[in-house]
Amino acid sequence: MKYLLAITTTCVLLCLSTPAVWAEGAGIEWDVVNDEVMELMRTGKYDRGIVLAKKALEVAEQNSGPDHPHVATSLNNLALLYRAQGHYAQVEPLYKRALAIREKALGPDHPRVAMSLNNLALLYRAQGHY
């Protein structure tokens, strides 16, 4: 009986806290779409990945606002897909916006900011812009 009460209490607390956690992020739809984007990227299905990455970006912007780190993640993933296809002109603005969001939201010394800077550097290297 003691275990049943503990399990029930834990479930109630998790259910009560879930909306607050989702309010801070882009939500379950973004998580699902973003996971699929990552799988498509991993398997080289870039065209389908771009379609879903745009959807993930849209969901993140609607659910979290335009300056949330999830938006930066979506921008970064879309840029990675374009970069894999050699569409460099489309990549740079996405990386720059992701960098700006991360610097503002996370601070200049955060590892994700460094990742954004690295992504820009890799793009410039691929273009021969040293």
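Refer to the preceding data block for the structure.
A short tour of the structure in this document, coming up. (Residues numbered from 1 in each chain as written. Predicted model: local features only at pLDDT ≥ 70, side-chain atom pairs only at ≥ 80, totals over all residues. Heavy atoms only, no water.)

This model, assessed by the stated rule, comprises 5 salt bridges. Here Glu-29 ties to Lys-55 by a salt bridge, and the two come within 3.7 Å at their closest N and O atoms. Placement of Glu-29 in helix H2 (residues 28–42) and of Lys-55 in helix H3 (residues 46–64) is noted, with a sequence separation of 26 residues between them. For Glu-29, a relative accessible area of 40% corresponds to the partly exposed category. Its relative accessible area of 34% is what places Lys-55 among the partly exposed residues. For Lys-104, the salt bridge is made with Asp-67, and the minimal N-O distance between the two is 3.8 Å. On the criterion of sequence distance, the pair formed by Lys-104 in helix H5 (residues 88–106) and Asp-67 in the loop between H3 and helix H4 (69–84) is long-range, its members being 37 residues apart. Overall, Lys-104 belongs to the exposed group, its relative accessible area being 65%. (Salt bridge = Lys/Arg side-chain N within 4 Å of Asp/Glu carboxyl O. Helix = DSSP H or I, 4+ residues; strand = E, 2+ residues; numbered from the N terminus. Buried < 20%, exposed > 50% of the residue type's maximum accessible area, 1.4 Å probe, protein only.)

Right, let's talk about the environment of Tyr-88 for a bit. Structurally, Tyr-88 can be placed in helix H5. Owing to a relative accessible area of 27%, Tyr-88 belongs among the partly exposed residues under this scheme.

Another point: the packing of H4 against helix H6 (residues 111–127). Direction vectors running N to C along H4 and H6 enclose 20°, while the axes themselves pass 12 Å from each other. Looking at the two axes, H4 sits roughly parallel to H6. Classified by chirality, the crossing of H6 by H4 is left-handed. Side by side, H4 and H6 meet where Thr-73, Asn-76 and Arg-83 of the first sit next to Arg-112, Met-115, Asn-119, Leu-122 and Leu-123 of the second. For the contact of H4 with H6, the per-class residue count stands at 3 nonpolar, 3 polar and 2 charged. (Axes fitted to C-alpha atoms, helices over the stretch in contact; angles between N-to-C directions. Parallel < 35°, antiparallel > 145°, perpendicular 65-115°, else oblique. Left-handed = near helix turned anticlockwise from the far one by under 90°. Contact = heavy atoms within 4.5 Å. Nonpolar A, V, L, I, M, F, W, Y, C, P; charged D, E, K, R; others polar.)

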